[in-house]
Amino acid sequence: MPSYKAPLEEYRFLLNDTFNLSQYSALPGFRNAPLDVVDQILEEAARLSEEVLQPLNAVGDRGGCKLENGVVTTPPGFKAAYKTLVEGGWPALVADPAYGGQGLPNALGVLFNEMVSSANMAFGMYPGLSHGAYSALLHHGSEELKDKYLPRLVTGEWTGTMNLTEPQCGTDLGLIRTKAVEVGDGSYKITGTKIFISAGEHDLADNILHLVLARIEGDTPGIKGISLFIVPKFLVKEDGTLGARNGVSCGALEHKMGIHGNATAVLNYDDAIGWMVGEREKGMRAMFTMMNEARLGVGLQGLSQSEVALQNAVAYAKDRLQGRSLTGAKDADKPADPLLVHPDIRRMLLNAKSFNEGARALLVWTALHGDLSHASDDAAIRETGDDMMALLTPVVKGYLTDRGFANAVEAQQVWGGHGYITENGMAQFVRDARIAMIYEGANGVQALDLVGRKLAANGGRGVFAFFKLIDDFVSENKNEKLATYTDALLAARKDLEAATMWFMENALANPDNAGAGSSDYLHLFGVTSIAYMWALMARAALTKLEAGEGNKAFYETKLKTARYYMDRVVPETTTLLARVRVGAEPLMAFTADEF
């Protein structure tokens with residue numbers, strides 16, 4: 001049976017050595033997160049993930065959710081596990097103290113979420129979507145709505161969803177047909193059908209708060225005329241208790257390739273009562289708050305499945321005897337050597353290991369910039385934080401899920417035929433990882449967003465600030481021992497800048513050039529971003545080794561892994577740049593009949 005162990009030493013290395021979280025201890029949120037408290041939180045989160053959630057992962061995959069007479073039940077054990085989560089105060093970890101949250105930094109929150117998702121991705125989606133709904137309501141809801149709904153979202157007593165997709169539209173939300181009719185008392189009647197609604201109906205919580213995109217009758221056609229509404233499953237009385245069932249029902253549960261433990265619902269709205277969140281015809285602005293948070297969470301899912309798949313592949317490669325080493329028997333007392341002696345097995349494992357550790361650093365770094373964009377008293381730091389969050393959201397979502405899925409497949413390959421057998425668990429990691437490339441904006445859309453919107457935002461301020469961060473790091477660390485890492489980083493940065501400038505010169509004349517190279521550019525950005533993280537981690541590891549502090553073996557392995565990434569992965573940027581420069585012509589030369 002598959003297993004999972006939270007990589008706590010990796011977390012401590014990032015928070016303490018690489019990013020030095022304690023330097024921000026005077027800022028809001030961070031002052032409540034001294035290192036000893038953070039360590040206790042990580043230990044308890046690991047226990048929850050390993051002992052409560054991971055044993056339910058295969059259970060959820062086998063049994064899935066059930067819909068009978070309009071009532072959805074989650075897999076055995078999920079309800080008790082969710083109660084444990086709520087009683088432990090975990091949904092409140094990074095939420096605003098004004099509504100009962102603990103107010104801790106998101107840089108810590110992403111590590112908690114990685115543990116939960118690695119242990120049980122389908123389960124983790126229930127509280128994950130709730131936090132997205134919390135964020136949209138926090139930033140765009142009226143004081144009345146926030147006071148009414150946020151405290152119980154924060155505790156986890158109630159959960160939340162996001163309702164965008166309809167049968168006739170996914171990415172192109174301007175085509176939605178769900179309508180809202182003003183009642184006259186500040187509420188609206190919502191009518192329509194939404195599909196693919198994760199955690200849309202379940203038995204884990206007493207109430208579900210649906211955030212629903214709809215168009216008020218007579219408002220502007222297309223994307224510009226959409227508004228956002230909060231539609232509770234049960235209406236809430238003035239005293240906060242639950243009232244009548246609202247006009248929203250689950251019409252069906254989708255039968256999916258993976259994440260079987262999460263209820264993916266078709267929701268029918270029939271004059272359901274809702275209240276507007278944010279301004280009229282500004283629904284997408286409010287929903288993007290939730291979507292951007294969700295996109296970082298989905299990028300995290302790519303990492304999580306890569307991590308748990310790698311852990312199980314490493315264990316198998318160490319144990320499984322198969323053939324002899326090409327350089328001679330390594331274990332002459334046994335009939336064969338373990339898989340781990342073979343270079344190609346190591347290639348697959350090290351591809352995942354170097355990605356996982358670098359991607360985790362990128363998630364924490366990005367979340368930290370998000371924290372600083374709100375908490376810092378320095379306007380320049382806040383601006384950089386905003387820019388990095390905006391720029392890297394599509395990179396984190398797109399690249400981490402593409403690579404996470406590929407790594408899950410390679411981890412399955414390490415198992416050979418046994419990886420194809422359901423009870424060994426590798427097939428579930430592959431199936432669960434696959435959805436992360438699709439939902440919350442398919443990865444091709446993320447790439448277009450990066451090239452079409454994020455590069456040009458504020459006159460390119462974000463991407464050039466990113467280049468400057470790398471340049472400053474290299475300039476400040478002209479060290480012979482770091483040269484291996486900084487030289488490779490500079491090579492990747494050069495290729496990324498060249499691709500960026502190519503788009504600036506060629507995309508306006510022919511927008512298809514941007515579309516043709518956008519996915520390659522997103523991957524180029526991903527490889528470069530992680531190379532930057534590896535340079536930061538290499539510096540931290542060298543510093544600890546030179547000081548003679550901590551676990552020497554851990555830091556030496558960290559440097560070996562950094563070297564692997566720089567030598568084996570970073571050269572991909574040359575090929576990716578070449579593909580970008582080819583432009584659209586080879587793609588667009590075909591007529592429809594030639595496909």
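Let us look at the structure shown here. Nothing here was measured: the structure is a model prediction, and the numbers come from that model.

## Examining the overall build of the chain
If you tally the helices and strands in the chain, you get 18 helices and 11 strands. For the chain, whose C-alpha radius of gyration is 24 Å, the value lies close to the compact-globule estimate of 25 Å for 595 residues. Once the C-alpha set of the chain is aligned to its principal axes, its extents read approximately 80 × 60 × 60 Å. Contacts spanning at least 24 positions in sequence make up 74% of the contacts within the chain whose residues lie at least 6 apart. With an accessible surface of roughly 24800 Å², the chain has 52% of that area assigned to carbon and sulfur atoms. Here the chain contributes 56 positive and 72 negative side-chain charges, whose respective centroids are spaced 3 Å apart.

## Structural notes on the nonpolar core
If you look at the biggest cluster of nonpolar residues, it comprises 186 residues, and the most contacted ones within it are Trp365, Phe466, Tyr521, Phe525 and Tyr565. A total of 18 residues in this core trace back to one element, the largest contributor, which is helix α15 (residues 511-547). Non-local contacts of Tyr565, meaning those with residues more than four positions away in its chain, are made with Ser354, Tyr399, Gly526, Val527, Ile530, Ala531, Trp534 and Val570. Membership of the second largest hydrophobic core comes to 7 residues, among which are Met121, Met125, Val298 and Tyr439.

## Overview of the environment of Phe405
Along the chain, Phe405 turns up in helix α10 (residues 379-414). Taking the C-alpha atoms as reference points, Phe405 and Asn356, separated by 49 residues in sequence, lie 12 Å from one another. Those residues within four positions of Phe405 in sequence are excluded, and the remaining contacts are Val430, Ala433, Arg434 and Met437.

## Details of the environment of Cys250
Mapped onto the fold, Cys250 is located in strand β10 (residues 248-253). Classification of Cys250 by relative accessible area gives buried; the value is 8%. Measuring from C-alpha to C-alpha, the distance between Cys250 and Leu267 comes to 4.7 Å, with 17 residues separating the pair along the chain. In this structure Cys250 touches Leu67, Val72, Glu201, Ala265, Val266 and Leu267, once residues within four positions along its chain are discounted.

## A few points about a nonpolar patch on the surface
Among the surface-exposed residues, Phe464, Met501 and Met504 lie close enough to one another that they form a single nonpolar patch of about 230 Å² accessible area. Along the polypeptide, Phe464 turns up in helix α13 (residues 461-476).

## Quick word on the state of the cysteines
Scanning all chains against the criterion turns up 0 disulfides. Between Cys65, a free cysteine, and Cys250, which holds the nearest cysteine sulfur, the sulfur-to-sulfur gap is 9.8 Å. What makes Cys65 buried here is its relative accessible area of 16%.

## Some words on helix α11 (residues 426-435)
The buried fraction of α11 amounts to 8 of the 10 residues, a majority that puts the element mostly inside the structure. Met426, Ala427, Gln428, Phe429, Val430, Arg431, Asp432 and Ala433 are the residues of α11 that are buried.

## Looking at the packing of aromatic side chains
One pass over the structure, following the stated rule, counts 20 aromatic pairs. Between Trp90 and Phe112 the ring centres are 4.8 Å apart and the planes differ by 5°, which places this aromatic pair in the stacked class. One end of the pair, Trp90, is in the loop between α4 (78-87) and α5 (106-119); the other, Phe112, is in helix α5, with 22 residues separating them in the sequence. Judged by its relative accessible area of 13%, Trp90 is buried. The exposure class assigned to Phe112 is buried, which follows from its relative accessible area of 8%. Ring geometry for Trp365 versus Tyr532: centroids 5.9 Å apart, planes at 80°, classification edge-to-face. A residue pair is termed long-range when its members are at least 10 positions apart, and Trp365 in helix α9 (residues 343-375) and Tyr532 in helix α15 qualify at 167 residues. Of the two residues examined, Trp365 and Tyr532, each falls in the buried class.

## Here's the deal with a negative patch on the surface
Together, Glu144, Asp147, Glu238 and Asp239 make up a negatively charged patch on the protein surface. Within the secondary structure, Asp239 is located in the loop between β8 (234-236) and β9 (242-245).

## A few points about the packing of helix α1 (residues 8-18) against helix α2 (residues 35-53)
Where α1 meets α2, the axes come as close as 11 Å, and the angle between the chain directions of the two elements is 155°. With respect to their mutual orientation, α1 and α2 come out roughly antiparallel. Considering the relative orientation of α1 and α2, their crossing is right-handed. Mapping the contact onto sequence places Leu8, Tyr11, Arg12, Leu15 and Asn16 in α1 and Leu35, Val38, Asp39, Leu42, Glu43 and Ala46 in α2.

Rules and cut-offs
Residues numbered from 1 in each chain as written. Predicted model: local features only at pLDDT ≥ 70, side-chain atom pairs only at ≥ 80, totals over all residues. Heavy atoms only, no water. Helix = DSSP H or I, 4+ residues; strand = E, 2+ residues; numbered from the N terminus. Rg over C-alpha atoms; globule rule 2.2 N^0.38 Å. Contact = heavy atoms within 4.5 Å. Areas by Shrake-Rupley, 256 points an atom, 1.4 Å probe, with all protein chains shown as cover. Lys, Arg positive; Asp, Glu negative; His and termini not counted. Charge placed at Lys NZ, Arg CZ, Asp CG, Glu CD. Core = buried A, V, L, I, M, F, W, Y, C linked by side-chain atoms within 4.5 Å. Buried < 20%, exposed > 50% of the residue type's maximum accessible area, 1.4 Å probe, protein only. Patch = residues over 30% accessible without salt bridge, like charges linked within 9 Å, V, L, I, M, F, W, Y side chains within 5 Å. Salt bridge = Lys/Arg side-chain N within 4 Å of Asp/Glu carboxyl O. Disulfide = S-S within 2.5 Å. Phe/Tyr/Trp six-rings, centres within 6.5 Å; stacked < 30°, edge-to-face > 60°. Axes fitted to C-alpha atoms, helices over the stretch in contact; angles between N-to-C directions. Parallel < 35°, antiparallel > 145°, perpendicular 65-115°, else oblique. Left-handed = near helix turned anticlockwise from the far one by under 90°.

Keep in mind these numbers describe shape, not what the thing actually does.
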